[in-house]
Amino acid sequence: MVLKKQVSGLDNLAFDNRFVQQLPADCETDNYRRQVTKACYSNVLPTKVAAPKVVAYSREMAEQLGFTIADCESEQFAKVFVGNEILAGMKPYAMCYGGHQFGQWAGQLGDGRAINLGEVVNTENQRWALQLKGAGPTPYSRSADGLAVLRSSVREFLCSEAMFHLGVPTTRALSLILTGENVVRDMFYDGNPKAEQGAVVCRVAPSFIRFGNFQLFASRGEVEVLRQFLDYTITTDFPHLVENQASLGKEIYLAWFEEVCRTTAEMIVHWQRVGFVHGVMNTDNMSIMGLTIDYGPYGWLDDYDPDWTPNTTDAGERRYRYGQQPQMALWNLVQLANAIYPLIDEVEPLQQALSIYNQSFDEGWNSMMANKLGLRAFNPETDNDLCQELFALLAEVETDMTLFYRKLALIDIEGRVGDYTDEQLLAPLQESWYRLDALTESYKTRVTLWLRKYILRLQQEETKQADKIQRMNAANPKYVLRNYLSQMAIDKAEQGDYSMVKDLLEVMRHPYDEQADKQHYAVKRPEWARNKAGCSKLSCSS
């Protein structure tokens, strides 16, 4: 009797691969570092590794691709998503793009340590691009090796999925796989390199196209390639814009740019809502889909500090600090507008489109703050001052942002304001302050005055306590991927213990739920983590 081979979900992947089929390729096929002109990508294969081993995978992302648990735990899965095996239909390539880095034009950048396996279409007709990060050098690797270490890969894998479950627009992560080989890295570029375990993350997104793709073609005067690339982007990733349109042109291009402005604003509002700091908002790290992309030296606000950035490379200028992310997104959109200007040839409609970013951000911000405070709707006449006063209080004394908003939901609003003592008002918030001895009597007085205004504001719109709690707990997560938690998981993983990676992945699947058995993941940053590498300080190598 002949046994029939069981077909896995990997064998059933339906590759679309429009990117390589419809766009111009690099005519050079050898994989060496070089400038690539008049092309959107270079064909390149991942580097095979010694001993791939699956550390973790996302159940949700696997289901989207049609994989079972058995598929994800198979030997073939490890081989495919580390780059050792190329499935039928895969057309691996690295994208060509440029970008502004920390405000300065950097020229050609490209996928230096990312290799796209191809684009698949699932049973729900959704297109997903599969990309390996850390799978070896490409023509865009410059002086680097195209590899990644376990440390940075754990951070990328966990944060991609954590952001998704928080409701933040993001690229996804399918898997985290060890390579069985060491990679040498100088974490802080201070002359102290060391060998670390190599790893590969499979990233997944509807598209990995960035602002920088358009910038590079424009900077080189490759207008026809620019037009071809934009037409491809719109027809593939924004098909709703071209319904019943005979051909693409200026009107469609502007409608596309307006949508990019809107979705970018929505993404930034979400970042500010949960206290996420990207750390390196260069134009090559900005997605045209309004997705959070490229998780490098990111971080989460522990204590509320608008001037904080986790990126040591940005420590002096703090260009990409938390409080400036909205302005930096607009700056990046201006660079995208400059890039597509040759196809528009008019300044005014691009400026009008850029104004949509400000409008969308302001509307989104107001709605977001109303939800964070439990209000039915944002009233600028009263609530602008209420918010600004709150932000000043949060910044003056070290206050855990995540805990504060979550605990604020517990403030009782159904009694008479005059009947509450100061002690009763402050009691629910005690856990959110890092040092209770820093709370001066003057500060306590200001906090309680604000709380009384806040209660009166809620009472004016006749909000019920239960409704307020429900609204606030849906906007204010109990669990975020705190920097020190990621570092603890990394420390264990580097010793061969992956339990905390999997535990954090599970906790972050339900960040707004109480999860009684996971309370230890919803506490303030411990003192030992205040200045520890990986917790408060990260580099672009992180």
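Because the structure is predicted, anything quoted here is derived from the model rather than measured.

Enquirer: Would you take a moment to explain the packing of helix α7 (residues 223–237) against helix α8 (residues 250–274) for this structure?
Expert: A pair of packed helices can be characterised by two numbers: the angle between their axes and the separation between those axes. Packing of α7 against α8 leaves a shortest axis separation of 11 Å and a crossing angle of 65 degrees. Both α7 and α8 take part in a crossing whose hand is left-handed. Residue-level contacts link Arg227, Leu230, Asp231, Thr233 and Ile234 of α7 to Ile252, Tyr253 and Trp256 of α8.

Enquirer: How should the nonpolar core be read in this particular structure?
Expert: Most often, soluble globular proteins keep nonpolar side chains buried together rather than apart. Among the nonpolar cores identified, the biggest contains 139 residues, and Phe19, Phe214, Trp256, Phe257, Trp300, Leu373 and Leu408 are the most heavily contacted of them. Sort the elements by how many residues they give to this core and α8 lands first, with 13 residues. Once residues within four sequence positions are removed from consideration, Leu373 is found in contact with Leu386, Cys387, Leu390, Tyr405, Leu408, Trp450, Tyr454, Leu458, Lys468 and Met472.

Enquirer: How do you make sense of the environment of Asp497 when you look at a structure like this?
Expert: Topologically, Asp497 is positioned in the loop between α16 (483–493) and α17 (499–507). Residue classification places Asp497 among the partly exposed positions, given a relative accessible area of 33%. Each C-alpha atom, one on Asp497 and one on Gln35, is 42 Å from the other, the two residues being 462 residues apart in sequence. Engagement of the side chain of Asp497 in a polar contact is seen with the side chain of Ser499, the distance being 2.7 Å.

Enquirer: It is not clear to me how the pattern of salt bridges should be interpreted in this structure. Could you clarify?
Expert: Evaluated as defined, the whole model comprises 36 salt bridges. For Asp26, the salt bridge identified is with Arg34, shortest N-O distance 2.4 Å. As far as the burial class goes, Asp26 and Arg34 line up, both buried. For the salt bridge of Glu156 with Arg203, the shortest nitrogen-to-oxygen distance reads 2.8 Å. One end of the pair, Glu156, is in helix α5 (residues 150–166); the other, Arg203, is in strand β9 (residues 194–205), and 47 residues separate them in sequence. Of the two residues examined, Glu156 and Arg203, each falls in the buried class. Connected via shared salt-bridge partners are Asp16, Arg18, Glu119, Arg127 and Asp237.

Enquirer: Looking at this structure, I do not really get the packing of α5 against α16. What am I missing?
Expert: α16 packs onto α5 with a crossing angle of 135 degrees between their chain directions and a minimal axis gap of 10 Å. Considering their axes alone, α5 and α16 lie oblique with respect to each other. Both α5 and α16 take part in a crossing whose hand is right-handed. The segment α5 lies against α16, with Leu150, Arg151, Val154 and Arg155 engaging Ser486, Ile490 and Ala493. Here the contact of α5 with α16 is composed, by residue class, of 4 nonpolar, 1 polar and 2 charged.

Enquirer: How should the pairing of strand β8 (residues 172–185) be read in this particular structure?
Expert: Consecutive side chains of a regular strand alternate in pointing toward one face of the sheet and then the other. Among the 14 residues in β8, 10 count as buried, and that is most of the element. As paired elements, strand β2 (residues 53–57) and β8 share 4 bridges and run antiparallel to each other. Opposite Val54, over in β8, you have Ile177 as the bridge partner. Pairing analysis gives 10 bridges linking β8 to β9, with the strands arranged antiparallel. Each residue of the ladder has a partner; that of Val184, found in β9, is Ala195.

Enquirer: Just to check I follow, could you spell out the packing of aromatic side chains for this structure?
Expert: Remark: the centre distance and the inter-plane angle together describe each pair of aromatic rings, the angle taken between the planes. For the coordinates displayed, the defined rule picks out 27 aromatic pairs. An angle of 65 degrees between the planes, with centres 5.5 Å apart, marks the rings of Tyr41 and Tyr93 as edge-to-face. In this pair, Tyr41 sits in strand β1 (residues 41–43) while Tyr93 sits in strand β3 (residues 93–95), placing the two residues 52 residues apart along the sequence. Their ring planes at 70 degrees and their centres at 6.0 Å tell us that Phe276 and Tyr295 sit as a pair that is edge-to-face. One end of the pair, Phe276, is in strand β10 (residues 276–277); the other, Tyr295, is in the loop between β10 and β11 (299–300), with 19 residues separating them in the sequence. Take Phe276 and Tyr295: they sit in the same class, and that class is buried. Positioned above the aromatic ring of Tyr32, the side-chain terminus of Arg34 is 4.6 Å from the ring centre. A cation over a ring is seen here: Arg172 above Phe164, with NZ or CZ 3.6 Å from the ring centre.

Enquirer: Can you help me understand unusual backbone geometry in this one?
Expert: Peptide bonds are trans in most cases, and residues, glycine excluded, mostly fall at negative phi. In this structure, Lys38 takes a positive phi of about 55 degrees despite not being glycine. Mapped onto the secondary structure, Lys38 falls in the loop between α1 (18–22) and β1. Judged by its relative accessible area of 60%, Lys38 falls in the exposed class. If you check the backbone angles, Gln515 has positive phi at about 50 degrees while not being a glycine. Checked against the element boundaries, Gln515 lands in the segment after α17. By relative accessible area, Gln515 is classed as buried at 17%.

Enquirer: Got a minute to help me understand the pairing of strand β7 (residues 127–133) in this structure?
Expert: Along β7, 7 of the 7 residues are buried, which leaves the element largely enclosed by surrounding structure. The alternating pattern of β7 places Arg127, Ala129, Gln131 and Lys133 and Trp128, Leu130 and Leu132 on opposite faces, both of which are buried. In this sheet, β7 lies alongside strand β6 (residues 114–121) in antiparallel orientation, the contact comprising 7 bridges. The partner of Glu119 across the bridge, within β7, is Ala129. Count of turn residues in the β6/β7 antiparallel hairpin: 5 residues, of which Asn125 carries a positive phi of about 65 degrees. Bridge count for β7 against β9 is 5 bridges, and the pairing is antiparallel. If you follow Gln131 over to β9, its bridge partner there is Arg203.

Enquirer: Is there a simple way to think about the environment of Gln424 in this case?
Expert: With respect to the helices and strands, Gln424 occurs in helix α13 (residues 422–426). Overall, the relative accessible area of 47% leaves Gln424 in the partly exposed class.

Calculation notes
- Residues numbered from 1 in each chain as written.
- Predicted model: local features only at pLDDT ≥ 70, side-chain atom pairs only at ≥ 80, totals over all residues.
- Heavy atoms only, no water.
- Axes fitted to C-alpha atoms, helices over the stretch in contact; angles between N-to-C directions.
- Helix = DSSP H or I, 4+ residues; strand = E, 2+ residues; numbered from the N terminus.
- Left-handed = near helix turned anticlockwise from the far one by under 90°.
- Contact = heavy atoms within 4.5 Å.
- Core = buried A, V, L, I, M, F, W, Y, C linked by side-chain atoms within 4.5 Å.
- Buried < 20%, exposed > 50% of the residue type's maximum accessible area, 1.4 Å probe, protein only.
- Polar contact = N/O pair within 3.5 Å; in protein donor to acceptor, adjacent residues only side chain to side chain.
- Salt bridge = Lys/Arg side-chain N within 4 Å of Asp/Glu carboxyl O.
- Parallel < 35°, antiparallel > 145°, perpendicular 65-115°, else oblique.
- Nonpolar A, V, L, I, M, F, W, Y, C, P; charged D, E, K, R; others polar.
- Pairing = 2+ DSSP bridges.
- Phe/Tyr/Trp six-rings, centres within 6.5 Å; stacked < 30°, edge-to-face > 60°.
- Lys NZ or Arg CZ within 6 Å of the ring centre and 35° of its normal.

Just distances and angles here, no functional claims.
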